[in-house]
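Okay, here's what each chain looks like letter by letter:
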Amino acid sequence: MKSYEQLFINGRWIAPVKGGTFETVDPSNERVIANVAAATAEDIDLAVKAAREAFDGGPWPKMRGAERGAILRRIAKGIRDRLPELAEIEVRDNGKPLPEALWDLGDAAGCFEFYAGLADKLDDAAEQPVTLSDDRFSSVARKEPVGVAGAIIPWNFPMLMAAWKVAPALAAGCTMVLKPSELTPLTALELADIALKAELPPGVLNIVTGLGLDAGAPLSEHPGIDKLAFTGSVPTGSRIMQAAARDIKNVSLELGGKSPFIVFDDSDLEAAVEWIMFGIFWNQGEVCSATSRVLVQRGLYEPLLERLAQEARKLTIGSGLEEGVLLGPLVSRGQYDKVREAIARGQQEGARLVTGGNRPTGLEKGYFLAPAVFADVPEDSWIWQEEIFGPVVCIRPFDDEAEALRSANDSRFGLAAAVMSRDLERCERVARALRAGIVWINCSQPTFTEAPWGGYKQSGIGRELGEWGLNNYLETKQITRYDSDRPWGWYIK
């Protein structure tokens, strides 16, 4: 690994003001792979001032959308040109299997390409005429960039989550300070290098690595930030929202989930098992939208449990760089301990552990965990109600559609949901009744840059991806003109 002991501020690599570093660890072997620059409030201030100057006095917000789009395409090409190298860094830093890392990075490049296309269209769509009731006036609604954006991203999809925020913000004409998770900071720093080579103007994108309290909190509280965008846990999101409230900042939050998957008994058994496994074991279950609560109609319940346990035991577990591995380690010792504690709590609360939940034989080093399948999970249990963020699926039976919907919607979260049945009319009906921002029919987890992403209730505020993601970084201004030659006449007798 190369040195990652500098921050990217105002188009330059600079050492942190206090010179500190922290370690990032390979979760497959628990070895330190890099020392990373540890930003503090002083560095955040420098980064925000650089972004402020780039927005207020620089060329970026004044450029035509097509010019910004051209630079976004060069960033996309920079990611694609380095795909194998970046994917290996992602695996070593996060733990996910290499094919998944390659998939994520391809999606990240695609995200920059998609928003380059939307940037091209902004030139024609920036102003829309408004029909008024008084023909002496004319009016337009104008879209303008919101300003300086502060973005804090999680560790489960490091480069992809950066793209979800950086690409639309830059397309809109905003400048940004990006803080990646301290658990997985490396590909964000590589993105800075790619942006530099793509000739992004200085100060438009600043990337600061550091711990949450030392760097994340000062960023969310900085008065020079116009917009805060955060993906992560509900408690941290709540603190960011409180910080934003003090200055009435624009805020978007993509938070946790405990997403239900309703499987009716007319479903194909093998398809149901495959989608359940993908919905919870992909990316080690470290997915905010993971369909971790599975409701199975009673007629299919026992056969499905048996097949799911059989297939879960077959998953190849190991280092993400090993060929054929489908389940890598959890991201950190802290996350590993949390998931183990959740499994123990589930057993104490009366849920039946059908398989997994233990350290796999032969993997004494690393944060490895055999995928866990719980059955007969009580609705009032902690593991049914709370996000575990690991390869743990909770299953319980239901008798009819009304019961399934009641149980599925009985949650403080509302990010995603899924329904499976051969009866498509029933699927459509259930999809519309589910209280979630994303609903899948006869599948789980497919994600498309073109479609909106975000949740109801405590799963967040606002939407990412698609045109909705671009609108996150745009303000709407009304410009109204008096067109009559006659005086207005308010005070004239």
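## Things to note about the overall build of the chain
Secondary structure assignment for the chain yields 15 helices and 22 strands. Taking 23 Å as the expected radius of gyration for a compact globule of 493 residues, we find that the chain reaches 24 Å, a close match to that expectation. Considering the chain as a whole, with its 493 residues, one finds that 58% of them fall into the buried category. The contacts in the chain between residues at least 6 apart in sequence include a share of 74% that link residues at least 24 apart. Element-wise, carbon and sulfur atoms account for 51% of the exposed surface of the chain, whose accessible area totals about 20300 Å². One finds the centroid of the 54 positive side-chain charges in the chain at a distance of 4 Å from the centroid of its 69 negative side-chain charges.

## Quick word on the sheet that holds strand 22 (residues 474-482)
What holds strands together in a sheet is hydrogen bonding between their backbones, with the strands either parallel or antiparallel. Taken in spatial order, the three strands line up as 5-6-22 in an open sheet, and their pairing is antiparallel. The open sheet is flanked by strand 5 (127-130) and strand 22, the only strands paired with a single partner. In this sheet, adjacent strand axes meet at a mean angle of 25° when their direction is disregarded. Bridge analysis of strand 5 against strand 6 (residues 137-145) gives four bridges, and the strand direction is antiparallel. Residue pairing across strands places glutamate 127 opposite arginine 142, the latter belonging to strand 6.

## Here's the deal with the sheet that holds strand 12 (residues 260-263)
Judged by pairing direction, the sheet is mixed, and its seven strands sit side by side in the order 14-15-16-13-12-18-19 without closing on themselves. Edge positions in the sheet fall to strand 14 (352-355) and strand 19 (438-441), since each of these pairs with one other strand and no more. Strand-to-strand twist in this sheet, taken as the mean axis angle between neighbours without regard to direction, amounts to 20°. Bridge count for strand 15 (residues 372-375) against strand 16 (residues 392-398) is three bridges, and the pairing is parallel. Within the sheet, the bridge partner assigned to phenylalanine 374 lies in strand 16 and is cysteine 394. On the sheet, helix 13 (residues 401-409) packs against strand 12, strand 13 (293-297) and strand 16 and is oriented at approximately 175° with respect to strand 13.

## A closer look at the packing of aromatic side chains
Following the criterion strictly, the structure yields 15 aromatic pairs and no others. Ring centres of phenylalanine 114 and tyrosine 115 lie 5.0 Å apart, and the angle between their planes is 85°; on these two criteria the pair is classed as edge-to-face. Taking the relative accessible area as the measure of exposure, phenylalanine 114 reaches 22% and is therefore partly exposed. Exposure remark for tyrosine 115: the relative accessible area of 0% places this residue in the buried category. Aromatic side chains phenylalanine 137 and tyrosine 482 sit 5.0 Å apart centroid to centroid with 50° between the ring planes, which places their arrangement in the tilted category. A residue pair is termed long-range when its members are at least 10 positions apart, and phenylalanine 137 in strand 6 and tyrosine 482 in strand 22 qualify at 345 residues. Taking relative accessible area as the criterion, tyrosine 482 reaches 29% and is therefore assigned partly exposed. A cation over a ring is seen here: lysine 227 above tyrosine 473, with NZ or CZ 5.3 Å from the ring centre.

## Some thoughts on the nonpolar core
Judged by nonpolar contacts, the single largest core of 109 residues is most densely connected at Ile75, Ile79 and Phe112. Take this core: its biggest share by element is twelve residues, from helix 5 (residues 158-172). Among all residues touching isoleucine 79, those that are not within four sequence positions of it are Leu86, Leu105, Ala108, Ala109, Phe112, Leu191 and Ile194. Membership of the second largest hydrophobic core comes to 29 residues, among which are Ile262, Leu295, Ala342 and Cys394.

## Things to note about helix 5
An ideal rise of 1.5 Å per residue puts 21 Å on 15 residues; helix 5 measures up with 22 Å between its terminal C-alpha atoms. Taking burial as the measure, the 15 residues of helix 5 include 15 buried ones, the bulk of the element. Phi for glycine 173, located one or two positions after helix 5, is positive at around 105°.

## So, the environment of methionine 420
For methionine 420, the location among the structural elements is in strand 18 (residues 416-420). Methionine 420 gets classed as buried once you look at its relative accessible area, which sits at 4%. When the C-alpha atoms of methionine 420 and isoleucine 441 are compared, they prove to be 5.9 Å apart, with 21 residues separating the residues in sequence. Those residues in contact with methionine 420 that sit more than four places away from it in its chain are Phe261, Ile262, Val263, Phe264, Ser267, Ala271, Ala272, Trp275, Cys427, Asn442 and Cys443.

About the cut-offs
Residues numbered from 1 in each chain as written. Predicted model: local features only at pLDDT ≥ 70, side-chain atom pairs only at ≥ 80, totals over all residues. Heavy atoms only, no water. Helix = DSSP H or I, 4+ residues; strand = E, 2+ residues; numbered from the N terminus. Rg over C-alpha atoms; globule rule 2.2 N^0.38 Å. Buried < 20%, exposed > 50% of the residue type's maximum accessible area, 1.4 Å probe, protein only. Contact = heavy atoms within 4.5 Å. Areas by Shrake-Rupley, 256 points an atom, 1.4 Å probe, with all protein chains shown as cover. Lys, Arg positive; Asp, Glu negative; His and termini not counted. Charge placed at Lys NZ, Arg CZ, Asp CG, Glu CD. Pairing = 2+ DSSP bridges. Axes fitted to C-alpha atoms, helices over the stretch in contact; angles between N-to-C directions. Phe/Tyr/Trp six-rings, centres within 6.5 Å; stacked < 30°, edge-to-face > 60°. Lys NZ or Arg CZ within 6 Å of the ring centre and 35° of its normal. Core = buried A, V, L, I, M, F, W, Y, C linked by side-chain atoms within 4.5 Å. Expected span 1.5 Å × (residues − 1).

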